[in-house]
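One letter stands for each residue in the lines below.
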Amino acid sequence: MKRTGIFFAHFQGERLKNFPGALEGLLDKPGVSYYDAVYGSRDGLFYLKPVAERLLVKVHSQNMTESVKRTGDYESALYSAGGTVQAAEEIRRGNIDNAFVFTSFGDHHAGRDFYHGICYFNGAALAIAMLKEKKTKRFAIVDTDSHHGDGTRDIFRRDTGVLHICFCHQNYSDDYNKIDIQIPYDTPDDAYLAKMKEVFIPRVEAFKPEYIFWEYGYDATKGEYGNKGISRDCHIRVAELIKTAADEICKGRLIAILCGGSTRDIAAYTIPRIIAILAELNDRFPSV
Ligand SMILES: [Zn+2]
Ligand SMILES: [Zn+2]
């Protein structure tokens with residue numbers, strides 16, 4: 001069994017209204033630790049910490065940070081991205097093996113000097129900045145949100161130490177370990193999973209990252225706003241593939257970060273199952 005950290009911040013929106021209630025039956029398992037931005041003082045829980053401003057300036061420009069402050073969401077954005085940084089720190093210290101991070105705002109549209117799609121700060125990039133201070137050198141980011149991870153790509157564009165594999169609307173590949181895999185509309189689950197096996201798995205095996213970050217957006221699900229036609233069960237099978245890869249390549253060091261997606265029922269269906277896969281509590285749900 002793996003030790004899995006759950007990092008929970010929820011400040012706005014409908015999609016996480018069923019949480020943390022939807023995690024019932026998982027939170028009390030011995031390997032599962034729960035970090036909450038609000039209710040950390042309850043017995044047996046841990047506080048989720050906001051991103052330190054010292055780290056923020058390493059990734060985002062002063063300009064961009066000032067413009068987030070003007071939205072009124074600055075404090076909650078620091079907590080939203082903070083879960084990913086704290087997850088990386090807890091894994092680095094050996095307190096947990098892997099993590100699922102609930103964000104209130106997304107991640108991957110936050111670049112060095114811009115943001116859109118209410119992705120204020122880039123939690124994966126901030127976690128990588130922290131880990132680089134601790135002499136970690138190689139990172140993989142796999143992005144299965146329906147849209148292109150332009151913010152993440154902007155931050156790491158010429159950084160060959162970061163393998164960025166993005167499932168989006170275009171085919172692209174360069175010498176800096178940046179790859180886009182085109183997912184057309186009406187993609188069957190098997191075709192999606194085949195691309196994951198044919199491109200992501202060999203690239204990440206060859207690259208040998210020390211940590212894998214997974215931008216888990218579910219907006220590519222049929223009926224969602226980034227609809228690519230895949231089923232909700234496709235995400236569960238993707239989780240199994242990425243988890244297995246992390247176990248084989250980087251001692252299981254995997255951080256799943258909630259990215260795009262709007263409907264409550266898909267969140268409530270997929271996220272507990274993904275956490276069960278991370279924590280190796282697969283008997284909790286029937287397999288898909
Ligand atoms: Zn998206
Ligand atoms: Zn892309």
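Look above for the structure.
So, here is what we can say about the structure in this document. (Residues numbered from 1 in each chain as written. Chains lettered and ligands numbered in written order. Predicted model: local features only at pLDDT ≥ 70, side-chain atom pairs only at ≥ 80, totals over all residues. Heavy atoms only, no water.)

### Overview of the coordination of the zinc ion (ligand 2)
Protein-derived coordination of the zinc ion (ligand 2) comes from His 148 (ND1), Cys 166 (SG), Cys 168 (SG) and Asp 180 (OD), at a distance range of 2.1 to 2.3 Å. Relative to the metal, the 4 donor atoms surrounding the zinc ion (ligand 2) lie at angles of 102 to 121°, and the coordination shape comes out tetrahedral. Mapping the donors of the zinc ion (ligand 2) onto the primary sequence yields the spacing H-x17-C-x1-C-x11-D. Here His 148 is found in the loop between β5 (139-143) and α5 (150-156), whereas its partner Cys 168 is found in strand β6 (residues 162-168), with 20 residues between them in sequence. (Donors = N, O, S within 2.8 Å, 3.2 Å for Na, K, Ca; no water. Tetrahedral: all angles 85-135°; square planar, octahedral: opposite > 155°, others 65-115°. Helix = DSSP H or I, 4+ residues; strand = E, 2+ residues; numbered from the N terminus.)

### Description of the coordination of the zinc ion (ligand 1)
Every protein donor of the zinc ion (ligand 1) is listed here as Asp 145 (OD), Asp 145 (OD), His 147 (ND1) and Asp 219 (OD), and their distances to the metal cover 2.0 to 2.7 Å. Coordination at the zinc ion (ligand 1) is irregular, judged from the 4 donor atoms that bind it and the angles of 53 to 156° they form at the metal.

### Describing the pairing of strand β10 (residues 254-258)
Within β10, 5 of the 5 residues are buried, which leaves the element mostly enclosed by the surrounding structure. Across the two faces of β10 the burial is the same, with Leu 254, Ala 256 and Leu 258 and Ile 255 and Ile 257 all buried. Both strand β4 (residues 98-102) and β10 contribute to a ladder of 4 bridges, which runs parallel. Paired with Val 101 across the two strands is Ile 257, which belongs to β10. Bridging between strand β9 (residues 211-216) and β10 involves 5 bridges; their strand directions are parallel. Looking at the pairing, Tyr 216 lines up with Leu 258 of β10. Handedness of the crossover is the feature at issue here: the chain leaves β9, passes through helix α7 (residues 232-249), returns alongside β10, and the resulting connection is right-handed. (Buried < 20%, exposed > 50% of the residue type's maximum accessible area, 1.4 Å probe, protein only. Pairing = 2+ DSSP bridges. Right-handed = clockwise from strand over helix to strand, strands pointing away.)

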